[in-house]
Amino acid sequence: MKPAPFAYLRPTGLEEALAALAKEPGAKVLAGGQSLVPLLSMRLAAPSMLIDINALPDLGHVTASREGDGAGVRVGALARHAHVLADTAAGEVQPLLALALSHVAHPTIRNRGTTVGSLVHADAAAEMPMVLRLLEGSVDVASVRGRRTIPAAELFAGPLESTLAHDEIAVEAFFPALPATAGVAFQEIARRHGDYALVGVAAVVELDGDTVARARMGFVSVSDVPVVVDVTDALDDPAAKALAELEPAEDIHATAAYRAHLVKVLAPRVLAAATDHARTRAGEVTPA
Ligand SMILES: Cc1cc2nc3c(=O)[nH]c(=O)nc-3n(C[C@H](O)[C@H](O)[C@H](O)COP(=O)(O)OP(=O)(O)OC[C@H]3O[C@@H](n4cnc5c(N)ncnc54)[C@H](O)[C@@H]3O)c2cc1C
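First, a word on scope: everything that follows refers to the structure included in this document. All values derive from a computational prediction rather than experimental measurement.

The strands making up a sheet associate through hydrogen bonds between their backbones, and the pairing can be parallel or antiparallel. Pairing within the open sheet is parallel, and its three strands lie in the order β1-β3-β2. Bordering the open sheet on either side are β1 (7–9) and β2 (27–30), each of which pairs with just one other strand. Averaged over all adjacent pairs, the angle separating strand axes in this sheet is 25 degrees, with direction ignored. One ladder, built from three bridges, connects β1 with strand β3 (residues 49–52); its direction is parallel. The partner of Leu9 across the bridge, within β3, is Ile51.

In structure tokens:
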């Protein structure tokens, strides 16, 4: 199908983009277009105007820092998934980014789709919203009214719904660094590699000596929003703890019972892999 008619604007400055967005209530931001363009073509979205942000300056960055309060990876609104995935420093500072990004769609889509666009799109079947939520990251947004930071815990309101106001543009996402004594793991089951996951599971495990001091798990494609469960007190059976808090959804791709089964299979595996990763990293930094 073809999209309904819309006006098109390609501003070259952020202020211009924000002013246009504030003036046109029916407008939508266009970043990589890998989610929005299919919605337009199927007429599931019919904005009056597309504000294409691809000519805005200074938004294509991926910067990684190990130092201080700001230790982590900053991803600009025009950084493509492929760019983030290929950034070695980002992968070292926060390895979960690359682990999860390698499961996001196919290379052609990763070459165009943006990581920040994926966060704003807020699909609970997408990897990046869960990763941001699990890592307790945030998104910086701008509007004609100023700037604000939205913590991941407040970003995802419902299916395909983030808490950005209509006139806000997300300019940068922040993924906190992995502490030296922590480890991560991610696995998903999809029909084909690159398809959306039937279920995806990630874990972050923090050690105190050889003991697990904190273990949290994130789930993709299980509920309407990305869900994170603290399993520190359920290391022997993380799936039972998770399933007590999750309500697996049923859709054309999988029954709720099959999703629950995948959680039972993946959760212990992923928790064990993250714990091994934490022990390996702690061993690398602890003097013999
Ligand atoms: C065949 C296919 C398979 C895919 N598989 C996966 C997958 O397995 N996992 C996965 O995570 N994703 C998958 N995707 C989606 C892909 O990752 C998208 O690129 C991503 O979800 C959206 O990023 P985008 O830059 O393309 O955003 P767009 O499509 O341009 O925009 C998406 C939405 O976010 C808004 N938006 C985007 N950027 C901003 C911004 N900076 N500020 C404010 N609003 C903004 C837009 O207005 C729109 O509502 C797939 C896509 C396709 C077509």
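Here we take up the site of the ligand. Taken together, 32 residues sit near the ligand, with Val29, Gly33, Leu36, Thr114 and Glu127 positioned nearest. A distance of 2.9 Å separates an oxygen atom of the ligand from a polar atom in the backbone of Ala31. A distance of 2.7 Å separates an oxygen atom of the ligand from a polar backbone atom of Leu36. For the ligand, the protein covers 89% of the area, taking 970 Å² as the surface of the free molecule. Among the elements of the structure, β2, α7 (115–121) and β10 (169–176) are those that each provide at least two residues to the shell around the ligand.

Criteria and cut-off values
- Residues numbered from 1 in each chain as written.
- Predicted model: local features only at pLDDT ≥ 70, side-chain atom pairs only at ≥ 80, totals over all residues.
- Heavy atoms only, no water.
- Pairing = 2+ DSSP bridges.
- Helix = DSSP H or I, 4+ residues; strand = E, 2+ residues; numbered from the N terminus.
- Axes fitted to C-alpha atoms, helices over the stretch in contact; angles between N-to-C directions.
- Near = heavy atom within 4 Å.
- Polar contact = N/O pair within 3.5 Å; in protein donor to acceptor, adjacent residues only side chain to side chain.
- Areas by Shrake-Rupley, 256 points an atom, 1.4 Å probe, with all protein chains shown as cover.

Coordinates in, geometry out; function isn't part of it.
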